[in-house]
Amino acid sequence: MKDLLKAPFMVEMIRTVTNMYDHGWDERNGGNVSLMLSEAEVREYLNPDHPVRTIPTGFSAPELDGACFLVTGTGKYFKNVQYAPEINLGIVRLRDQGTQADLLWGFEDGGRFTSEFPAHMMSHVARLKADPENRVVMHCHPANLLAMTYVHSLDEREFTRTLWQMCTECIVVFPDGVNVLPWMLCGTNEIGEATADKMKTARLVVWSQHGIYGAGKDLDETFGLIETAEKAAEIYMKIAHLPRVNTITDEEMHLLEQRFGVRAREGYLS
Ligand code: 13P
Ligand code: ZN
């Protein structure tokens, strides 16, 4: 067996959550990340047929039966992951219609996966239907996106258009826009179902007054997606109280669509 702590997916996960912490997106235990692994990938490092223990998930996700995930633990601080990955991270394999998760490695202090596991798993199901290459769901609390949900309309078209107008490349990075949920109780199956429903049409879902979810094919891409939206929100929060003299026009957005070969969400540009 190879050394799991040297697995590229493990190294990348540790680097990513450390970077998220360094960006100020994950105070205390804020935020959670799940990365889907193939069973073949997992078998290089451990035997998935000998689980350490089994953790009930509290929901059903038959589409994910047999699927393996490297996931952050509930109550764990991203700043600590690099020093004790075997406590702060876990690898699980789902079974019995996704109602049970066999712990294959990690959570060595008796811990369990993030309280947002329903939102993560349900979002994986939704994104895999939209893009079979999706592997990552990432949640964090970036300050400017969060601030924006206090002062900006939560209408998805308006919210998206504002972000697109804040940096030229936003429409290229997230042409499908940003979907928005109103404030909801976190850690529940209900917010999980609502998030997954929003994930059907966009890779970014804002949780008002809480944070954001992003999805993508790898950790780098998903980090970059949230980073871009957060940068746009930062610019919005710098200028929201000032008279707007210039902007990026819809005509210019159409030029970006052509130049970069992307299509903006239907009906979002005039
Ligand atoms: P966990 O510590 O359970 O991952 O929760 C953090 C969080 O951000 C809840 O939304
Ligand atoms: Zn959160």
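Residues numbered from 1 in each chain as written. Chains lettered and ligands numbered in written order. Predicted model: local features only at pLDDT ≥ 70, side-chain atom pairs only at ≥ 80, totals over all residues. Heavy atoms only, no water.

Undergrad: In this structure, what is going on with the site of ligand 1? I would like to understand it.
TA: Lining the immediate environment of ligand 1, one finds N29, G30, G31, N32, T74, G75, T114, S115, E116, H139, H141 and H210. Interatomic distance of 2.7 Å between a side-chain N/O atom of T114 and an oxygen atom of ligand 1. Contact distances for ligand 1 include 3.0 Å between an oxygen atom and a side-chain N or O atom of H141. Within the complex, 94% of the 310 Å² of free accessible area of ligand 1 lies under protein. Residue classes in the shell around ligand 1 are distributed as no nonpolar, 11 polar and one charged. (Near = heavy atom within 4 Å. Polar contact = N/O pair within 3.5 Å; in protein donor to acceptor, adjacent residues only side chain to side chain. Areas by Shrake-Rupley, 256 points an atom, 1.4 Å probe, with all protein chains shown as cover. Nonpolar A, V, L, I, M, F, W, Y, C, P; charged D, E, K, R; others polar.)

Undergrad: Can you help me understand the sheet that holds strand 3 (residues 68-72) in this one?
TA: Sheet strands line up and pair through hydrogen bonds in the backbone, either parallel or antiparallel. Reading across from one edge, 2-5-4-3-1-6-9-8-7 is the order of the nine strands in this open sheet, with mixed pairing throughout. The strands lining the two open edges of the sheet, one partner per strand, are strand 2 (53-56) and strand 7 (178-181). Across the sheet, the mean angle from the axis of one strand to that of its neighbour is 25°, orientation sign disregarded. Across six bridges, the pairing between strand 4 (residues 89-95) and strand 5 (residues 100-106) is antiparallel. Within the sheet, the bridge partner assigned to I91 lies in strand 5 and is W105. (Pairing = 2+ DSSP bridges. Helix = DSSP H or I, 4+ residues; strand = E, 2+ residues; numbered from the N terminus. Axes fitted to C-alpha atoms, helices over the stretch in contact; angles between N-to-C directions.)

Undergrad: How should I be thinking about the packing of aromatic side chains in this particular structure?
TA: The geometry of an aromatic ring pair is captured by the separation of the ring centres together with the interplanar angle, meaning the angle of the planes. Counting across every chain of the model gives six aromatic pairs. Arranged with centres 6.1 Å apart and planes meeting at 50°, the rings of F59 and F117 form a pair that is tilted. Of the two residues, F59 is situated in the loop between strand 2 and strand 3 and F117 in helix 5 (residues 117-130); the sequence distance between them amounts to 58 residues. For the pair F59 and F117, a shared accessibility class is recorded, and that class is buried. Ring centres of W207 and Y213 lie 4.6 Å apart, and the angle between their planes is 40°; this geometry places the pair in the tilted category. The structure contains a cluster of three or more aromatic residues connected by ring pairs, namely F59, F113 and F117. Note that R259 overlies the ring of F260, its terminal NZ or CZ placed 5.2 Å from the centroid. (Phe/Tyr/Trp six-rings, centres within 6.5 Å; stacked < 30°, edge-to-face > 60°. Buried < 20%, exposed > 50% of the residue type's maximum accessible area, 1.4 Å probe, protein only. Lys NZ or Arg CZ within 6 Å of the ring centre and 35° of its normal.)

Undergrad: Can you walk me through the pairing of strand 6 (residues 136-140) in this structure?
TA: Strand residues, when the strand is regular, have side chains that alternate between the two faces of the sheet. When you tally the buried positions in strand 6, you get five out of five residues, the bulk of the element. Burial along strand 6 is two-sided: the face carrying V136, M138 and C140 and the face carrying V137 and H139 are both buried. Judged from the four bridges that link them, strand 1 (residues 32-37) and strand 6 form a sheet pairing that is antiparallel. Within strand 6, the position partnered with L35 by the bridge is V136.

Undergrad: Sorry, what's going on with the pattern of salt bridges here?
TA: Close approach of charged atoms allows side chains of opposite charge to pair. Scanning the entire structure with this criterion turns up 19 salt bridges. As a salt-bridge pair, D3 and K6 come within 3.6 Å of each other at their nearest N and O atoms. For D3, a relative accessible area of 40% translates into the label partly exposed. Of the charged contacts, one joins E156 and K198 as a salt bridge, the two residues approaching to 2.8 Å between their closest N and O atoms. A residue pair is termed long-range when its members are at least 10 positions apart, and E156 in helix 7 (residues 156-166) and K198 in helix 9 (residues 189-199) qualify at 42 residues. For K198, a relative accessible area of 22% corresponds to the partly exposed category. (Salt bridge = Lys/Arg side-chain N within 4 Å of Asp/Glu carboxyl O.)

Undergrad: How should helix 11 (residues 250-260) be read in this particular structure?
TA: Every α-helical turn comprises 3.6 residues, leaving residues that sit three or four positions apart pointing alike. Within helix 11, the full set of buried residues consists of D250, M253, L256 and E257. Here the buried residues of helix 11 occupy an arc of 105° about the axis, which is enough to place them on one side. Relative to its buried face, helix 11 has exposed residues pointing more than 90 degrees away, namely E251, L255, Q258 and R259. Close packing links the buried residues of helix 11 with helix 7 and helix 8 (170-173). (Arc of directions from axis to C-beta. Contact = heavy atoms within 4.5 Å.)

Undergrad: When you look at the nonpolar core in this model, what are you seeing that I'm missing?
TA: Generally speaking, nonpolar side chains in soluble globular proteins are found buried as a group. Membership of the largest hydrophobic core comes to 55 residues, with the highest contact counts inside it found for F9 and L70. Of the residues forming this core, the biggest block, eight residues, is contributed by helix 10 (residues 219-239). Once residues lying within four places of it in the same chain are set aside, the contact partners of F9 are L4, L35, L37, E41, Y45, L70 and I91. In this structure, M36, A101, M199 and W207 belong to the second largest nonpolar core, which totals 30 residues. (Core = buried A, V, L, I, M, F, W, Y, C linked by side-chain atoms within 4.5 Å.)

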